[in-house]
Amino acid sequence: MHILWLVRTTLPQAAAACGLAGASDVSGSWLTGQLAALRACPDLQLTVLCVGKADADGTADGVHYRVVRDTAAFAPLLQAERPDLVHIWGTEFDPAAVMAAAARASGLPVLFSVQGVMRDCAAHLCDGVPEKYRRSGALWHAIDKIIPGELLDNMQASFDALAAKEAAALADARYVTGRTAFDRAACAALAPHARYYPATRHCVRCFIRVRCGMRGTLPPRRCCCCPRATTR
């Protein structure tokens, strides 16, 4: 089975495989844990794709990594690769919508992984903050243009925009996976026609093992990344 991942950032494994500079500045968190777990699935062909500053590709540990400069490369890449499944990690970034449209146009199934519900983040960003502190004056915005900070009104506008992109991406989704009760509730509202797949154990356990180095401290259990994989 061939699965194509679309991720938002350049994973450390991708940076190493593609020979990219600044590998120490990239991250993957939960994704690195799942990649490690999927090594136990030799019959799985995995391509990991992201948008970056320059085109690059490389292979490591049986995984093919691709970096493209522009989302215009998505449709031709799907035609060439013809994966069995397109797995989009995250719902609120622009390339997600482009990839979903390209996959549907090619007749390929799309699975969205919810990585934080922007609808709820936007709704509760300023909870408990008095109204007078939620707005910044002209002077603060002028300073912010020179020395960027975290002005609440700017953050609220950004979160609102991301929530709108999330809603648009999930409106036509058929398959969605998430980790928490918040994810499930949001998907019920934003993707009412989608089939929801809970994915919890592999995220936490593989994350702790791979990122925190706590090998051997957790009892082995089945991991939902792969039917034959365990968390140890």
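Read on for a plain summary of the structure. For clarity, every value in this text was computed on a predicted model and none was experimentally measured.

**Quick look at the overall build of the protein chain**
Of regular secondary structure, the protein chain possesses nine helices and eight strands. Counting every position in the protein chain, which comprises 232 residues, the buried fraction comes to 41%. Considering only intrachain contacts with a sequence separation of at least 6, the fraction spanning at least 24 residues in the protein chain is 55%. Approximately 12,400 Å² of the protein chain is accessible, and the part contributed by carbon and sulfur atoms is 57%.

**What about the environment of Ala123?**
Looking at where Ala123 falls in the secondary structure, it is placed in helix α5 (residues 118–124). For the pair Ala123 and Gln156, spaced 33 residues apart in sequence, the C-alpha separation works out to 8.8 Å.

**Details of helix α4 (residues 94–105)**
In this model α4 runs 17 Å from its N-terminal to its C-terminal C-alpha over twelve residues, within 8% of the 16 Å that 1.5 Å per residue would give. Contacts made by the buried residues of α4 are with β1 (2–6), β2 (45–51), α3 (74–81), β5 (85–89) and β6 (110–113).

**Focus on unusual backbone geometry**
Excluding glycine, residues mostly carry a negative phi; peptide bonds, for their part, are mostly trans. Unlike most non-glycine residues, Asp61 shows phi in positive territory, near 55°. Within the element layout of this structure, Asp61 appears in the loop between β3 (56–60) and β4 (63–68). What makes Asp61 exposed here is its relative accessible area of 63%.

**A word on the sheet that holds β5**
Spatial strand order, β3-β4-β2-β1-β5-β6-β7-β8: eight strands in an open sheet with mixed pairing. In the strand order of this sheet, the two ends are held by β3 and β8 (195–198), each with one partner. Averaged over all pairs of adjacent strands, the angle between strand axes in this sheet comes to 20°, irrespective of strand direction. Across four bridges, β5 lies against β6 in parallel orientation. Bridge assignment links Ile88 to a residue of β6, and that residue is Phe112. Packed on one face of the sheet, helix α2 (residues 30–38) meets β1, β2, β4 and β5 and runs near 165° to β1.

**Quick word on the packing of aromatic side chains**
With the rule as written, the count across this model stands at one aromatic pair. Ring geometry for Trp5 against Trp89: centres 5.1 Å apart, planes inclined by 65°, an arrangement best described as edge-to-face. Of this pair, Trp5 sits in strand β1 while Trp89 sits in strand β5; the two residues are 84 residues apart in sequence, bridging distant segments of the chain.

How each quantity is defined
Residues numbered from 1 in each chain as written. Predicted model: local features only at pLDDT ≥ 70, side-chain atom pairs only at ≥ 80, totals over all residues. Heavy atoms only, no water. Helix = DSSP H or I, 4+ residues; strand = E, 2+ residues; numbered from the N terminus. Buried < 20%, exposed > 50% of the residue type's maximum accessible area, 1.4 Å probe, protein only. Contact = heavy atoms within 4.5 Å. Areas by Shrake-Rupley, 256 points an atom, 1.4 Å probe, with all protein chains shown as cover. Expected span 1.5 Å × (residues − 1). Pairing = 2+ DSSP bridges. Axes fitted to C-alpha atoms, helices over the stretch in contact; angles between N-to-C directions. Phe/Tyr/Trp six-rings, centres within 6.5 Å; stacked < 30°, edge-to-face > 60°.

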